[in-house]
Amino acid sequence: MFNIAYSLFLKYKMSKQKIKPINEQELLSTKFSDSSKMEIGDCYKTLEKFRPYRSPKMKIVRKQNRNIDLSIIIPVYNAEKTIGKCLNSILESKLRVTYEVICINDGSTDNSVDVINTFEKFNQLILVDQPNKGASAARNTGLELARGRYIFFLDSDDFVRKNYFNGFVEDCIGNNRCISVSSVGRYVSDLHMTLYPIGDIGINKSLRAINKKYDYCPGTPWGKMYHYSLWQNVCFFDGFAFEDTNIFLTVWQLANEIFYYKKPIYCFRTSDNSLFKRQKNNYCCIDSLWVVNECINLNKRLNVKMNNQEFYKLLLWHTGPLLIGRLASIAEKKVLESAFNVVADMLENDFPELRKEKFEDNIGYEMIKEGFFSRNIEMWEYGCRRI
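Quick look at the structure, then. (Residues numbered from 1 in each chain as written. Predicted model: local features only at pLDDT ≥ 70, side-chain atom pairs only at ≥ 80, totals over all residues. Heavy atoms only, no water.)

## Examining the overall build of the protein
Helix and strand counts for the protein stand at 16 helices and 10 strands. Restricting the contact set of the protein to residue pairs at least 6 apart, pairs at least 24 apart contribute 81%. Element-wise, carbon and sulfur atoms account for 48% of the exposed surface of the protein, whose accessible area totals about 17300 Å². (Helix = DSSP H or I, 4+ residues; strand = E, 2+ residues; numbered from the N terminus. Contact = heavy atoms within 4.5 Å. Areas by Shrake-Rupley, 256 points an atom, 1.4 Å probe, with all protein chains shown as cover.)

## A word on the packing of helix 15 (residues 363-373) against helix 16 (residues 377-384)
Between helix 15 and helix 16, the least distance of the axes is 7 Å, while the angle of their chain directions is 160 degrees. Between helix 15 and helix 16, the angle falls in the class roughly antiparallel. With respect to the hand of their crossing, helix 15 and helix 16 are arranged in left-handed fashion. The segment helix 15 lies against helix 16, with Gly364, Met367, Ile368, Glu370, Gly371 and Phe372 engaging Met379, Trp380, Tyr382, Gly383 and Cys384. Residues of the contact of helix 15 with helix 16, tallied by class, amount to 7 nonpolar, 3 polar and 1 charged. (Axes fitted to C-alpha atoms, helices over the stretch in contact; angles between N-to-C directions. Parallel < 35°, antiparallel > 145°, perpendicular 65-115°, else oblique. Left-handed = near helix turned anticlockwise from the far one by under 90°. Nonpolar A, V, L, I, M, F, W, Y, C, P; charged D, E, K, R; others polar.)

## As for the environment of Asn117
Note on placement: Asn117 falls in helix 5 (residues 112-117). Separated by 10 residues in the primary sequence, Asn117 and Leu127 place their C-alpha atoms 8.5 Å from one another.

## Things to note about the nonpolar core
Across soluble globular proteins, nonpolar side chains have a tendency to be buried as a group. Within the largest apolar cluster, 72 residues are counted, with the highest numbers of intra-cluster contacts made by Trp231, Leu347 and Trp380. Looking at this core, the element that brings in the most residues is helix 14 (residues 333-350), giving 9 residues. What Trp231 contacts, discounting residues up to four positions off in sequence, is Arg62, Leu143, Ile151, Phe153, Tyr226, Phe236, Asn246, Ile247 and Val251. Membership of the second largest hydrophobic core comes to 34 residues, among which are Leu87, Tyr99, Trp222 and Tyr261. (Core = buried A, V, L, I, M, F, W, Y, C linked by side-chain atoms within 4.5 Å. Buried < 20%, exposed > 50% of the residue type's maximum accessible area, 1.4 Å probe, protein only.)

## Quick word on the side chain of Ser180
With respect to the secondary-structure elements, Ser180 resides in strand 6 (residues 179-189). Apart from the residues lying within four places of it in its own chain, the contact partners of Ser180 are Phe168, Asp171, Cys172, Gly223, Lys224, Met225 and Phe259.

## Quick look at the pairing of strand 9 (residues 224-227)
Both faces of strand 9 are covered, namely the face carrying Lys224 and Tyr226 and the face carrying Met225 and His227. Alignment of strand 4 (residues 148-153) against strand 9, held across 3 bridges, turns out to be antiparallel. Bridge pairing links Tyr150 to His227 in strand 9. (Pairing = 2+ DSSP bridges.)

## Regarding the pattern of salt bridges
As enumerated under the stated definition, the model contains 15 salt bridges in all. As a salt-bridge pair, Lys313 and Asp361 come within 2.4 Å of each other at their nearest N and O atoms. Of this pair, Lys313 sits in helix 12 (residues 309-318) while Asp361 sits in the loop between helix 14 and helix 15, placing them 48 residues apart in sequence. For Asp361, a relative accessible area of 47% corresponds to the partly exposed category. Across the pair Lys369 and Glu370 runs a salt bridge, and its minimum N-O distance is 3.5 Å. You can call Lys369 buried: its relative accessible area is 0%. (Salt bridge = Lys/Arg side-chain N within 4 Å of Asp/Glu carboxyl O.)

## Overview of helix 15
Within helix 15, 11 of the 11 residues are buried, which leaves it mostly tucked inside the rest of the structure. The complete set of buried residues in helix 15 reads Ile363, Gly364, Tyr365, Glu366, Met367, Ile368, Lys369, Glu370, Gly371, Phe372 and Phe373. The N-cap residue of helix 15 is Asn362: its side-chain oxygen and the backbone nitrogen of Gly364 are 2.8 Å apart. (Polar contact = N/O pair within 3.5 Å; in protein donor to acceptor, adjacent residues only side chain to side chain.)

## Some words on the packing of aromatic side chains
Evaluated as defined, the whole model comprises 23 aromatic pairs. Seen from their ring centres, Tyr164 and Phe168 are 5.4 Å apart, and the 80 degrees between their planes marks the pair as edge-to-face. Pair noted here: Tyr164 and Phe168 are both in helix 7 (residues 164-175), with a separation of 4 residues, about one helical turn. On the basis of an interplanar angle of 35 degrees and a centroid distance of 5.0 Å, the ring pair of Trp231 and Phe236 is categorised as tilted. The exposure classification of Trp231 matches that of Phe236, with both residues buried. By way of ring pairs, the aromatic residues Phe152, Tyr164, Phe165, Phe168, Trp222, Tyr266 and Phe268 are connected into one cluster. Cation over ring: Arg139 sits above Phe236, and NZ or CZ is 5.5 Å from the ring centre. (Phe/Tyr/Trp six-rings, centres within 6.5 Å; stacked < 30°, edge-to-face > 60°. Lys NZ or Arg CZ within 6 Å of the ring centre and 35° of its normal.)

What follows is the structure, encoded as structure tokens:
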């Protein structure tokens, strides 16, 4: 739940910062003095000291026989208080399609398994046990076992509204959608839920289009229906934090179309503990940089097109506001500067044509881009506040 909670926090934080209006050409010509002087070798050493880079495990095994409509994959870890509501919400949906629910018990030490076992009459339920490896490894196990033509990820502390799946799934199957995205709501209590409606946009590949109009589309695995083919050569990066970065940077790019569906509501939970306390001085946040690099490497192997403005914006968003926000809590100032320089070096080597790209609809992207290519960390930081 960390990514979506942090996204909400970031939007709030940015909205509270009063930025004086300024002419955009004047802004770009402003002399930002804080250029980084760190050598790139020293930058890598600094990051490796606190969070060494690891090659992700990329074992990909997929079922060839897709003989049901839908596979719902639920990673479970110490979710005894919420997994019952999660499973009941599926049962109450009264699905009219063939489906399976794959619960991956990721080494829970509480009574999660006992709660799941009370659903013994739930014939579509499959329970798999594995040692604790994290949510990404649990989802990967689910992907290996899935037999559905469509894949849906559901977190064990979340749930869906009544009849969530019927119209949603039937539309996907009937129209052979690549990805369908539903509206979501943040569950506070049984009497309080904050809704983030998407609206009837219909078919649209552009993430920015939806965010510009409705200002919300979470970059999480859940709340979306995927055609199984999108995951045939893709898995979550096992052992990394922010492993769901590949949703926007890779899986999104493989889809021919993305359909936004208004009516269903996916209900997610957040907590202050997962949002702030877990992040404080946590060097796992450096993974935010490593996973972007891994997504780029994976895209190259899959021949994913990355030379378009839509991808550039997603790339700059992940290496701009998201990166700076996640690393801000780390006390060592050189960590942020090192990460900035490593990204700048990556962009110069892998995306030299990005420098010629013009982002006329948002000065923030233009400043982030120019900050990277001129090695000006102050311009980069300022641009992150302008998006």
